Amino acid sequence: MSSFLELENSSPNIFIPEEWSEAAESIVFDSPTSPPPVVLICGAKNCGKSTFSRHLLNVFLQRYKKVVYLDSDVGQPEFTPPGFLSLTVVDRLTPDLSTPCLKTPERCFFFGDISSKRDPTAYLSYANALYDYYHKEYNSFNKTEELAKIELPLIVNTPGWVKGIGYEILVDMLKYIAPSHVVKINISAESKNLPAGEFWLEEEENYGTTSLIEIRSARQDEFNRSILVQKDASLMRDLRIMAYFRQCFSRDSNITTIKELANALASHPPYQVPISSIKIRHLHSQVPSDQIFYSLNATIVGLATCSNNSENSSWCVGLGIVRGIDTFKGLLYVITPVPHGTLEKVDLLLQGFIQIPSCLLQVKGCISPYMCANILPTS
Ligand SMILES: Nc1ncnc2c1ncn2[C@@H]1O[C@H](COP(=O)(O)OP(=O)(O)OP(=O)(O)O)[C@@H](O)[C@H]1O
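This write-up is about the structure you can find in this document. Being a predicted model, the structure only gives us computed values, none of them experimental. (Residues numbered from 1 in each chain as written. Predicted model: local features only at pLDDT ≥ 70, side-chain atom pairs only at ≥ 80, totals over all residues. Heavy atoms only, no water.)

1. Some thoughts on the overall build of the protein
- Along the protein, the regular secondary structure elements total 10 helices and 13 strands.
- Here the protein holds 379 residues, and the buried ones make up 53% of them.
- Taking contacts inside the protein between residues at least 6 apart in sequence as the whole, the part at least 24 apart equals 71%. (Helix = DSSP H or I, 4+ residues; strand = E, 2+ residues; numbered from the N terminus. Buried < 20%, exposed > 50% of the residue type's maximum accessible area, 1.4 Å probe, protein only. Contact = heavy atoms within 4.5 Å.)

2. Considerations on a negative patch on the surface
- Taken together, the side chains of Glu18, Glu19, Glu22 and Glu25 make up a negatively charged region of the molecular surface.
- Mapped onto the secondary structure, glutamate 22 falls in helix H2 (residues 18–29). (Patch = residues over 30% accessible without salt bridge, like charges linked within 9 Å, V, L, I, M, F, W, Y side chains within 5 Å. Areas by Shrake-Rupley, 256 points an atom, 1.4 Å probe, with all protein chains shown as cover. Salt bridge = Lys/Arg side-chain N within 4 Å of Asp/Glu carboxyl O. Lys, Arg positive; Asp, Glu negative; His and termini not counted. Charge placed at Lys NZ, Arg CZ, Asp CG, Glu CD.)

3. Notes on the environment of methionine 236
- By the secondary structure assignment, methionine 236 is in helix H6 (residues 233–246).
- The exposure class of methionine 236 is partly exposed, given its relative accessible area of 27%.
- Sequence separation of methionine 236 and glycine 75 is 161 residues, and the distance between their C-alpha atoms is 9.6 Å.

4. Comments concerning the sheet that holds strand S10 (residues 300–304)
- Spatially, 6 strands are ordered S8-S12-S11-S10-S13-S9 in an open sheet, and the strand pairing comes out mixed. The open sheet has two free edges, formed respectively by strand S8 (271–274) and strand S9 (279–282), since each of these has just one partner strand. In this sheet, adjacent strand axes meet at a mean angle of 40° when their direction is disregarded.
- The pairing of S9 with strand S13 (residues 348–351) spans 4 bridges and is classified as parallel. Across the sheet, residue lysine 279 finds its bridge partner in S13, namely leucine 348. (Pairing = 2+ DSSP bridges. Axes fitted to C-alpha atoms, helices over the stretch in contact; angles between N-to-C directions.)

5. Quick word on the packing of helix H4 (residues 120–138) against helix H5 (residues 164–177)
- Interaxial distance between H4 and H5 falls to 11 Å at its minimum, and their mutual angle equals 25°. Classified by the angle their axes make, H4 and H5 are roughly parallel. Regarding H4 and H5, the two cross each other, and that crossing is right-handed. Within the contact between the two elements, H4 uses Pro120, Tyr123, Leu124, Ala127, Asn128, Tyr131 and Asp132 and H5 uses Ile165, Ile169, Asp172, Met173, Tyr176 and Ile177.
- The class makeup of the residues in the contact of H4 with H5 is 10 nonpolar, 1 polar and 2 charged. (Parallel < 35°, antiparallel > 145°, perpendicular 65-115°, else oblique. Left-handed = near helix turned anticlockwise from the far one by under 90°. Nonpolar A, V, L, I, M, F, W, Y, C, P; charged D, E, K, R; others polar.)

6. Details of helix H3 (residues 49–63)
- With 15 residues, H3 ought to run about 21 Å at 1.5 Å a step, and its terminal C-alpha atoms sit 21 Å apart, in line with that.
- Along H3, 13 of the 15 residues are buried, which leaves the element largely enclosed by surrounding structure. (Expected span 1.5 Å × (residues − 1).)

7. A word on unusual backbone geometry
- Following serine 34, the chain continues into proline 35 via a peptide bond in cis, with omega recorded as 0°.
- With respect to the element layout, proline 35 can be found in the loop between H2 and strand S1 (38–43).
- Despite not being glycine, asparagine 46 has its phi angle at roughly 65°, a positive value.
- Relative to the assigned elements, asparagine 46 resides in the loop between S1 and H3.
- Phi is positive for alanine 178, close to 45°, though the residue is something other than glycine.
- Inspection of the secondary structure puts alanine 178 in the loop between H5 and strand S6 (181–186).

8. Topic: the sheet that holds strand S7 (residues 211–216)
- Reading across the sheet, the 7 strands line up as S4-S3-S2-S5-S1-S6-S7 and stay open at both edges, with mixed pairing between neighbours. Each having just a single partner strand, strand S4 (107–110) and S7 make up the two edges of the open sheet. In this sheet, neighbouring strand axes are inclined to one another by 15° on average, regardless of whether the strands run parallel or antiparallel.
- As paired strands, S1 and strand S5 (residues 154–157) are joined by 4 bridges and run parallel to one another.

9. Considerations on the site of the ligand
- Near the ligand you find 20 residues, and of these Phe15, Lys49, Ser50, Thr51 and Lys231 are the closest.
- Contact between the ligand and phenylalanine 15: a nitrogen atom at 2.6 Å from a main-chain N or O atom of the residue.
- The backbone of asparagine 46 places a nitrogen or oxygen atom 3.0 Å from an oxygen atom of the ligand.
- Alone, the ligand offers 620 Å² of accessible surface; in the complex the protein occludes 94% of this.
- Considering each element in turn, the shell around the ligand owes the most residues, 3 residues, to H3.
- Taken together, the residues of the shell around the ligand sort by class into 8 nonpolar, 7 polar and 5 charged. (Near = heavy atom within 4 Å. Polar contact = N/O pair within 3.5 Å; in protein donor to acceptor, adjacent residues only side chain to side chain.)

10. Quick notes on the side chain of serine 31
- Take serine 31: it is sitting in the loop between H2 and S1.
- A distance of 2.4 Å separates the side chain of serine 31 from the backbone oxygen of isoleucine 27, its partner in a polar contact.

11. Digging into the pattern of salt bridges
- On inspection of all chains with the given rule, the structure shows 5 salt bridges.
- Of the charged contacts in the structure, one is a salt bridge between arginine 54 and glutamate 78, with a shortest N-O distance of 2.6 Å. With arginine 54 in helix H3 and glutamate 78 in the loop between strand S2 (67–71) and strand S3 (84–90), this pair connects stretches of sequence that are 24 residues apart. For the pair arginine 54 and glutamate 78, one class covers both residues: buried.
- In this structure, lysine 175 engages glutamate 202 in a salt bridge whose closest nitrogen and oxygen atoms are separated by 2.6 Å. Here the residue lysine 175 occupies a position in helix H5, and glutamate 202 occupies one in the loop between S6 and S7, the gap between them amounting to 27 residues.
- On the basis of relative accessible area, lysine 175 is assigned to the partly exposed category, the value being 35%.

Pasting the structure below:
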C-alpha cells in the first residue's frame, strides 16, 4: 500500500520565472515597512496562486521575521485540512514550493465545505473577521487607540472560482481588505481570466491606492499557451485530512501508509465528551432533533468555542472524528490531535460536509469502528 506521505510529496519541480521573482521582490523590498504590505493573490483555477504565495512568503521572510497568511481557499488550504478559513503566522521558509504543509493557525473558522457557494454570506463574514483580527493585531498603523504589537505583512490567498458568485465574493473581499498590492495571475485562455485592470473598483473609486501587478502563469508552450497542471483535488483533500489525523500520533511512531493510519486510528483511545457540555451546529443543513446523533456518528466535526464569540462566528481549534456515541451515558467519543488544554475550551461541534476519507474506512484487514451497525441504542 502506498505511503500517503509520499503521495503528498509527489508534485512537480517548481520553476519561478523572472516575472514572478521581480513581482515578489518589488512588493517586499520597494514597499514601506509601516504600514506593512497587504498582498492579495487572485486568478483562475490552477494558475499558480498557491505556488506564487509560497514564493512570496519566502521572499518576505528575507525582510521580516514573520509573515501573516490569510487562507480563504477552503477547497485546498495551505496550512489546514479542507473546509477552513485561517490566519497563520509563519516564521520559517517553505523549503518545498510544490506542496502545502500543516501548521497550527493563530485563528481559524470551520466553514465545513470545499467551496464558498453553499453559504457566501458566512464565508465572507469569516474572511472579513480574519482580516479584522490581522488588522488589529499586526497592522494598526495610524490608529491611535490600539497599536499593533508588531507590524507584519499579510498574504491573502484566494480560491480559483472567479466567475459568477465566485467573482462577486472576490470583489467583496477586495473591497473590504483594500490591499496595498493585488497580484493577478493570468493564463492564455483569456475568457477564464479576471477582467483587466482594477476590476473590483467602481468607476473613479479609490484608484491609485492599490498597486496592481499582473503576471502570467509560470509555464508556456511554444505557442505561448499556458501549461497548467491539473491537480487531483479530491485526492489532495483526503491526503490533507489523513496528514491532519496522523498528528494524533507521535512523529516517531512508524505510521506512513494508509493502512497503518487506519489501524492506528481505529485503536486510538478517544476523548469522552459529555453531550450535556456541548452544543451541536449543522452548518449547511437542517437535521431533525431526533436524528442529530445519527447524523454525527462517524463524521468529521469542527471543534469550536461559542462562549466568547457571536452566535454565527465561532473560532475553531481543529477537527475531530466522532468515533461513537453512547446516548445512555450521554457521551460522545472523539478522536482529535488537538492538545488536551485547548480541547478543554471546546463547547461547540460544527458539522459540515467534510468527510472521513473512504480509504480510511475500507482498508483490508482493518475493522473500522466508525461504521459499525447498532452503535447507537435505538431507544
Ligand atoms: N511555477 C510553477 N512551476 C511548476 N509547477 C507549478 C508552478 N506553479 C504552479 N504549478 C503547478 O500547477 C498546479 C497548480 O498550482 P497552484 O496550486 O499553485 O495553483 P492555484 O492557482 O493555487 O490552484 P487553485 O485555483 O486550485 O487554488 C500545482 O500542481 C503546481 O505544482
